[in-house]
Amino acid sequence: MTDVPFWNREVETAERSRLQQLQLQRLKGIIGWALRTPFYKRRLSQAGINSPDDVRSLQDLQRVPFTTKDDLRQNFPKGLLAVDMREVVRIHSSSGTTGIPTVIYFTRDDIDNWTDLLARSITGTGAGVGDVFQNMMSYGLFTGGLGLHYGAERVGMTVIPIGGGNTKRQIQTMKDFQTTILHITPSYLLHVHSRLGEDGIFRKDLALRKAFIGAEPHSENTRRKIQDLLQIEAYNSYGLSELNGPGVAFECVCRKDMHVWEDAYIAEVIDPKTGEVLKDGQEGELVLTNLVRCAMPMLRYRTRDLAFLHPEGCDCGRTHRRLSRILGRTDDMLIINGVNVFPSQIEEKIMKIPEVATNYQIHVDKKGALDRLTVKVEIYPKLFLGEVAVLEALRNKIREDLQASITIAPIVELHEPGSLPVSEGKAKRVVDDRPKD
Amino acid sequence: MGVSPMSSRSRAGCPCYRIMGKMPMLRGVMAKQLTIFVENRPGRLKSISENLCKSHIDIRAFTIQDRGDYGLLRLIVDKPNDAYLALADVGCACALKDILAVSVPDQPGNFHRLASALAENSINVLDAYGFVLQPHKTGVCCMEIDRPQMAKAEEVVKAAGFTVLEDEELYGL
């Protein structure tokens, strides 16, 4: 293939053996940092690893126990912090499965490394200097917005840090600045398309070339639909805040699944039941080790995402293996308009409100292109006073409490006592009516 | 489902009695309205009417306050406590509330007189509904008033020459 753009050709096309050498060297380094944290010192010593020299090959990584989201929660806030707080220049955070969030620390070097991975990802799609980049992901504690922002600046694109929401303004901005590249969730991009023309701004008035679509799983059909409707190239992106955020894996110009940047991450796919490492091509749970983040090393983190790694190379010439689309989850996490939501977060809030009974239901469906979350609760008869104002205040309280916890304001429905299906395990508590295309 | 009216169990189980305990006793006993939480979907009203029917409850008046996904059904019945227990026993969210029931002669201008008297005394009406009992003779206006203003509202209405209907007077209409 000709015209394949690279940010760091040497690393991106390095021989596998050279790449693995680099991985081993960096793995030893990160084990050194991990041993500085109380959490990993204990974990690693149980596995017989007390110094970086106890890791002699990449195979030795399999001796390291998995790290789970629960570990992060139990060691909140600083149990996995490997550096002095004075060296930490940034904190990001994501929702925990309960009230305790997951916190991630970055040193200046960590931010620099992460930014470089994003610069590499962006360049790989053919975007670069001269492009106008409209970053439509939320900024703030969520890693999606700031991560791409820094990478885009490093590449030299003109960055519009508009953030999420306000579709009218998004479309106007696309026209005003002749935006060429978008960073957005697939569902929001389809929603934006449905609103084109409302203010007399049509596709022909826009200069869109490409979209980086991430933060929520989507099918190849959805990508095709986006590309056909908007006449743009859509690139899939993968990341999670525990492993920095976006830029763990990104599609190149071939758009045939995402290269995992293997000089920065070790990707394994395991059988989620047995923990056994599977061969390339076999579907299982993705497990990631972060090789280049000192502030908070992350060893064999169980992402709960189901995927597989392509055994064969890519036409672009990169040697870094490609990760499939995310095919599912091993837990009950819901992704609603790009935001991760655990049913347990919702349950925790509802159970604290005495005016509602213990039965509830979480319902997710589509309204147009966007996801819609409805939380149904039952009125608790003994605390019913017969006043609309009290009921509406209750409805608002539930909505606000949930928004504070999961960042999405759901529709709250009040139901009669005993009217919702009685819980027989978690299955009935969550109804996902979104079409699986 | 046997309902024994006014048993000690019924008093303890009914939220309105707890609330009433904190209230200064007014002269006589305030009229009661039964308020029922009803989901807005087919068949829900029927299940309530069925239970009231089984308990031989006579409905004097009713109205529904619609809130989209649910509504509040407000009833004036001949035996409010029995009706409350009949519904509470089957798990309904319902409550008995004090209302100010005023007898309003059914002639032009009388409702205006009532509303003016309340307005002049800064009484806020939370919710109200009315019905004609005997055309051109008697109408009834039922009002929910903020608890702290209830006693004053009763005085104001009486001072304006209206008759306040106490519990049995209203149910026996």
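**Here's the deal with the overall build of chain B**
If you tally the helices and strands in chain B, you get seven helices and seven strands. If you list the helices and strands of chain B from N to C, you get α-α-β-α-β-β-α-β-α-β-β-α-β-α. Within chain B, buried positions represent 33% of all 173 residues. In chain B, the proportion of contacts linking residues at least 24 apart, taken out of those at least 6 apart, comes to 71%.

**What to know about the sheet that holds strand β7 (residues 233–240) of chain A**
Sheet strands associate in pairs through backbone hydrogen bonding, adopting either a parallel or an antiparallel arrangement. Read across the open sheet, the eight strands follow the order β4-β3-β5-β6-β7-β8-β9-β13 (chain A); overall the sheet is mixed. A single partner strand is all that each edge strand has here, and the edge strands are β4 (158–160) and β13 (322–323) of chain A.

**A look at the domain arrangement of chain B**
All names here are of chain B. Along its sequence, chain B is organised into domain 1 (8–98) and domain 2 (99–171). In this assembly, 16 residues from domain 1 lie in contact with 14 residues from domain 2. Listed by contribution, the elements that provide at least two residues to the side of domain 1 that touches domain 2 are β1 (31–39), β2 (59–66), β3 (70–77) and β4 (94–105). Class assignment for the residues of the side of domain 1 that touches domain 2 results in eight nonpolar, three polar and five charged.

**With respect to the pairing of β1(B)**
All names here are of chain B. Along β1, eight of the nine residues are buried, which leaves the element largely enclosed by surrounding structure. Both β1 and β3 contribute to a ladder of six bridges, which runs antiparallel. Counted as the bridge partner of V38 is G71 from β3.

**Observations regarding the domain arrangement of chain A**
Residues and elements named next belong to chain A. What the domain assignment reports for chain A is domain 1 (9–331) and domain 2 (339–432). Each of domain 1 and domain 2 was reduced to a C-alpha centroid, and the two centroids are 32 Å apart. Listed per partner, the contact involves ten residues of domain 1 and eleven residues of domain 2. Element by element, the count of residues in the side of domain 1 that touches domain 2 is highest for helix α8 (residues 186–195), at five residues. Split into classes, the residues belonging to the side of domain 1 that touches domain 2 amount to two nonpolar, eight polar and no charged.

**Comments concerning α8(A)**
Owing to its 3.6 residues per turn, the α-helix aligns residues three or four sequence positions apart on the same side. Residues and elements named next belong to chain A. Within α8, burial applies to P186, S187, Y188, L189 and L190. Looking at the packing, one finds that the buried side of α8 touches β5 (181–184), β6 (210–213), α9 (220–230) and β18 (370–379). In the stretch just after α8, G197 is the one whose phi turns positive, near 95°.

**Here's the deal with the interface of chain B and chain A**
With 17 residues of chain B at the contact, the number on the chain A side is 14 residues. Listing elements by their share of the side of chain B that touches chain A, those giving two or more residues are β1, β3 and β4 of chain B. It is β1(B) that provides the largest number of residues to the side of chain B that touches chain A, a total of four residues. Looking at the side of chain B that touches chain A, its residues break down into ten nonpolar, three polar and four charged.

**Quick notes on the confidence of the model for chain B**
On average, residues of chain B score 84 in pLDDT, and 84% of them reach the 70 mark or higher. Contacts for the low-pLDDT stretch residues 1–26 of chain B, under 50 throughout, to residues beyond four places or in other chains number 25 contacts.

**Observations regarding the sheet that holds strand β10 (residues 265–270) of chain A**
Reading across the sheet, the four strands line up as β10-β11-β12-β14 (chain A) and stay open at both edges, with antiparallel pairing between neighbours. Where the open sheet ends on each side, the last strands, each with one partner, are β10 and β14 (328–329) of chain A.

**Things to note about the environment of A:Q59**
Residues and elements named next belong to chain A. Mapping Q59 onto the fold places it in the loop between α3 (38–46) and α4 (69–74). A residue is classified by how many C-beta atoms lie within 10 Å of it, and Q59, with 10 of them, is exposed. Along the backbone, Q59 and A389 are 330 residues apart, and their C-alpha atoms lie at a distance of 63 Å.

**Concerning the packing of α8(A) against α9(A)**
Residues and elements named next belong to chain A. In contact at an axis separation of 11 Å, α8 and α9 are set at 30° when each is read in the N-to-C sense. Comparing their axes, α9 and α8 come out roughly parallel. For the pair α8 and α9, the sense of crossing is left-handed. Facing P186, L189, L190 and H193 of α8, the residues of α9 in contact are T222, I226, L229 and L230. Grouping the amino acids of the contact of α8 with α9 by side-chain chemistry returns six nonpolar, two polar and no charged.

Criteria and cut-off values
- Every chain is numbered independently, its residues counted from 1 as its sequence is written.
- Written order determines the labels here, with chains lettered from A and ligands numbered from 1.
- Per-residue local features are limited, in this predicted model, to residues with pLDDT of at least 70; the limit for side-chain atom pairs, both in listing and counting, is 80 or more; totals at the level of whole chains, interfaces and linings are taken over all residues.
- Every helix listed is a DSSP run of H or I at least four residues long, and every strand listed is a run of E at least two residues long, numbered separately from the N terminus.
- A residue is called partly exposed when the number of other C-beta atoms within 10 Å of its own lies between 12 and 20, exposed at 12 or fewer, and buried at 20 or more, with C-beta atoms placed from the backbone.
- By the criterion used throughout, residues are in contact when their C-beta atoms, derived from the backbone, lie within 7 Å.
- Each pair of strands is called paired provided DSSP finds at least two bridges between the two strands.
- These domain limits were set by an automatic method or by a database of domain assignments.
- Gly falls in the polar group here, along with every residue not listed as nonpolar (Ala, Val, Leu, Ile, Met, Phe, Trp, Tyr, Cys, Pro) or charged (Asp, Glu, Lys, Arg).
- Per-residue confidence from the prediction method is given by pLDDT, with values spanning 0 to 100.
- Angles run from 0 to 180 degrees between N-to-C directions of axes, and those axes are lines fitted to C-alpha atoms, restricted for helices to the stretch in contact.
- Note on angle classes: values under 35 degrees are labelled roughly parallel, values over 145 roughly antiparallel, values of 65 to 115 roughly perpendicular, and the remainder oblique.
- If you view the pair so one helix is near and one far, a crossing is left-handed when the near helix is turned anticlockwise from the far one by less than a right angle, and right-handed when it is turned clockwise.

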